[in-house]
Amino acid sequence: MLKDFRIGIFLLVLAITGLLISSSSPREEGERPMSVAEQNWVDSVFNSLTPDQRLGQLFMVAAYSNKDRKHAQYTEFLIKNYNIGGLMFLQGGPRRQALLTNRYQAAAKVPLLVAMDAEWGLDMRLDSSMHFAKQMTLGAMDDDQYVYQMGREIALKMKTLGVHVSFSPVIDVNSNPDNPVIGNRSFGENKEQVAKRGIAYIRGLQDHGIVAVVKHFPGHGDTDVDSHVALPVINSDLARLTNVDLYPFQKSFEQGVMGVMVGHLYMPLFDTVRTLSATISKNLVTGLLKEKMNYRGLVFTDALNMKSVSDLYKPGELDALALAAGNDVLLFSEDVPVALQKIKESIAAGKVDQADVDQRVRKILRAKYWAGLNHYQSIDVPNLMTNLNRPLSRTVQQQIYEHATTVVKNEDGLLPFNRLDTLRIAAVTIGSDAPTYREIMGKYQSGPVYAVPNRYAVDSTFARISSRLTPYNVVVVSLHNMNNTPTHSYGIGEGALKFLKELQANKNIKTVVVAFGNAYSLKHLETARTLCAVMRTTTRPS
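Engineer: Before we move on, could you go through the overall build of the protein chain and cite the residues and values that matter?
Structural biologist: Regarding its fold elements, the protein chain presents 20 helices and 14 strands. Relative to the compact-globule value of 24 Å for 542 residues, the protein chain shows a C-alpha radius of gyration of 25 Å, a close match. Principal-axis analysis of the C-alpha atoms places the extent of the protein chain at approximately 80 × 60 × 40 Å. Sorting the 542 residues of the protein chain into buried and exposed places 57% on the buried side. With the model as given, the accessible surface of the protein chain reaches about 22,300 Å², and the carbon-plus-sulfur share is 51%. Treating the 59 positive side-chain charges of the protein chain as one cloud and the 52 negative ones as another, the clouds have centres 4 Å apart.

Engineer: Could you give an account of the sheet that holds strand E2 (residues 86-89), naming the residues involved and the relevant values?
Structural biologist: Taken together, eight strands build an open sheet; the order of strands is E7-E6-E5-E4-E3-E2-E1-E8 and the sheet is parallel. Every other strand in the sheet has two partners, leaving strand E7 (298-301) and strand E8 (330-331) as the edge strands with one partner each. Bridge count for strand E1 (residues 59-63) against E2 is four bridges, and the pairing is parallel. Residue pairing in the sheet places Val61 in a bridge with Leu87 of E2.

Engineer: How would you summarise the packing of aromatic side chains if you had to cite specific residues and measurements?
Structural biologist: Within the structure shown, the criterion is met by ten aromatic pairs. Each ring, one from Phe77 and one from Tyr82, has its centre 5.9 Å from the other, and the planes form 70 degrees; the classification is edge-to-face. A relative accessible area of 35% means that Phe77 is categorised as partly exposed. Assessed through its relative accessible area of 22%, Tyr82 is described here as partly exposed. The rings of Phe217, Phe249, Phe253 and Tyr295 are connected pair by pair, giving a single aromatic cluster.

Engineer: If you had to explain the pattern of salt bridges to someone new, which residues and values would you point to?
Structural biologist: For the coordinates displayed, the defined rule picks out 24 salt bridges. With a closest N to O distance of 3.0 Å, Glu38 and Arg366 form a salt bridge. Of this pair, Glu38 sits in helix H2 (residues 36-47) while Arg366 sits in helix H14 (residues 354-370), and the two are 328 residues apart along the sequence. Arg366 carries the same exposure label as Glu38, and that label is buried. Between Glu153 and Arg152 there is a salt bridge; the shortest N-O distance is 2.9 Å. Using a relative accessible area of 0% as the deciding quantity, one classes Glu153 as buried. When salt bridges that share partners are traced, they join Asp117, Glu119, Arg125, Arg185 and Lys215 into one network.

Engineer: I'd like to hear about H2, residue by residue, with values.
Structural biologist: Since there are 3.6 residues in each turn of an α-helix, residues three or four apart along the chain are aligned in direction. Its twelve residues place the ends of H2 16 Å apart at the C-alpha level, agreeing with the 16 Å of an ideal helix rising 1.5 Å per residue. Burial in H2 covers these residues: Glu38, Trp41, Val42, Val45 and Phe46. Each buried residue of H2 sits inside an arc of 125 degrees when the element is viewed along its axis, so together they form one side. Turned more than 90 degrees from where H2 packs its buried face, Val36 and Asn47 sit exposed. Buried-residue contacts for H2 involve helix H3 (51-56) and H14.

Engineer: Give a description of helix H5 (residues 94-107) that names residues and reports values.
Structural biologist: End to end, H5 covers 20 Å across 14 residues, agreeing with the expected 20 Å (1.5 Å per residue, within 8%). Among the residues of H5, Pro94, Gln97, Ala98, Leu100, Thr101, Asn102, Tyr104, Gln105 and Ala107 are the ones counted as buried. Against helix H4 (69-82), E2, strand E3 (113-116) and helix H15 (384-388) lie the buried residues of H5.

Engineer: Before we move on, could you go through the side chain of Gln97 and cite the residues and values that matter?
Structural biologist: Structurally, the position occupied by Gln97 is in helix H5. Taking the relative accessible area as the measure of exposure, Gln97 reaches 0% and is therefore buried. The contacts of Gln97, once residues within four sequence positions are left out, are Ser65, Phe89, Leu90, Met116, Leu126, Leu161 and Val163.

Engineer: Which residues make up the environment of Ile199, and what are the values?
Structural biologist: Looking at the secondary structure, you find Ile199 in helix H8 (residues 191-206). Owing to a relative accessible area of 13%, Ile199 belongs among the buried residues under this scheme. Between the C-alpha atom of Ile199 and that of Gly263, which follows or precedes it by 64 residues, the distance is 19 Å. Not counting residues within four places of it along the chain, the set of residues in contact with Ile199 comprises Lys251, Ser252 and Gln255.

Engineer: A description of the sheet that holds strand E14 (residues 530-534) should follow, citing residues and the corresponding values.
Structural biologist: If you walk across this open sheet you meet the six strands as E9-E14-E13-E12-E10-E11, and the pairing is mixed. Looking at strand neighbours, the two that pair on one side only are strand E9 (406-410) and strand E11 (449-452), the edges of this open sheet. Strand-to-strand, the axes of this sheet are offset by a mean angle of 15 degrees, without reference to chain direction. Judged from the five bridges that link them, strand E13 (residues 510-516) and E14 form a sheet pairing that is parallel. By the bridge assignment for E14, Val512 is matched with Thr530. Contacting strand E10 (425-430), strand E12 (474-479) and E13, helix H20 (residues 494-505) crosses the sheet at an angle of about 160 degrees to E12.

Procedures and definitions
Residues numbered from 1 in each chain as written. Predicted model: local features only at pLDDT ≥ 70, side-chain atom pairs only at ≥ 80, totals over all residues. Heavy atoms only, no water. Helix = DSSP H or I, 4+ residues; strand = E, 2+ residues; numbered from the N terminus. Rg over C-alpha atoms; globule rule 2.2 N^0.38 Å. Buried < 20%, exposed > 50% of the residue type's maximum accessible area, 1.4 Å probe, protein only. Areas by Shrake-Rupley, 256 points an atom, 1.4 Å probe, with all protein chains shown as cover. Lys, Arg positive; Asp, Glu negative; His and termini not counted. Charge placed at Lys NZ, Arg CZ, Asp CG, Glu CD. Pairing = 2+ DSSP bridges. Phe/Tyr/Trp six-rings, centres within 6.5 Å; stacked < 30°, edge-to-face > 60°. Salt bridge = Lys/Arg side-chain N within 4 Å of Asp/Glu carboxyl O. Expected span 1.5 Å × (residues − 1). Arc of directions from axis to C-beta. Contact = heavy atoms within 4.5 Å. Axes fitted to C-alpha atoms, helices over the stretch in contact; angles between N-to-C directions.

Now the structure itself:
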């Protein structure tokens, strides 16, 4: 009774603050008008399926192009025997993925909806692919148009590769600097900027034929736990959740984003059971997202194999609970045959309404129609790499980093360098031998570039370099290949920090510090009088 009262008060607050749209509103967020041709195609496909085949459309299973023949055979078995609705491709390579996609689509009764995590480009999952920028970098830019352009380039590459859904952008407001899983995947800490740049990214994708899926509802920014390994607890109060975390989601819904992913989070504000993730919370998925926020687009679970939830339930149980909560697409099911049986039992027991399930299947078919799967064409494998490597993509990539480079501090007025005839410049790279950086520095000054490849080099290494810097009055120290999390000061070794402090204390030398990495690392560099940030990382997550 107390829980119901608390939830009722919460929803009242949302309604008062204007975040929720009245159920009588003629606009239904994420839902498009349906043409006669679309209606006919959806009806014909739906009516051609058996009840079990319809349930199969709810599943989107994991696929890899770097696994063995047994994996490919089992994936094809699920497609043929359970009529699964889609695939989420993970690790591998573009050409291998294209070949498998053609094979899997040829085996499907209903064309498969293919998805990928491509937040910063295909490089997030595939080798031999292009890296654009993580969202923290996009948050540092001075011009939103490049967010749209990046979305466009990623969309065109996905279409070339036969992919229809991107699990991006992340629109979590990263209010906790120690967040181990969102961090540089977020546009930042300002809800308006997160919403604005998220919408630009969404438009870049959807204007070019890719379904955008915002994540992680209702907000994963205020946590210090990685939901891949444990269930984070979000102790947000009414004001914070209303005014901060839900804000970017509501704005993206108003702009017609076609998909939303529900995160593996526990929110005591909504549920009293400690193990009840948002993914399986009817109060959150149906009550808040679908009914109160009136969202009508596709609702995806986060991956159901993640330890934060998979360790708590037997195979198949989690899928049935997620469907009962209101999700439309069950992502990364660990056991489709068992899950299908559990779902049928839930329907028979009245825990899930059959008519509601049928409506969700139709939503999935509508997404397939929008993606062009009513006229499926196989991937052009011989020309794949040429088509993926658009020259314009490199231009966009370069422009992103140019506009994201930030002069954080310039207390001595040293930048931009003037009167080069009076400056004797040396450079030190830490964390890389940085041949490209060395080459570029050489175009602007004739001084040496000393490389310390090991970020955790001992003091004696830096002492040797210090002794060589005496002839110079300006030293540019750059930090490379830093960590994305607070671990070990974001990958800045104690020796490097000591070296920087001693250098800055030298009155005969002016020091410029350039951090190539996570913006939160700058708290370790606050003593620098001249500081630049280039928020660039190229590491691929596991």
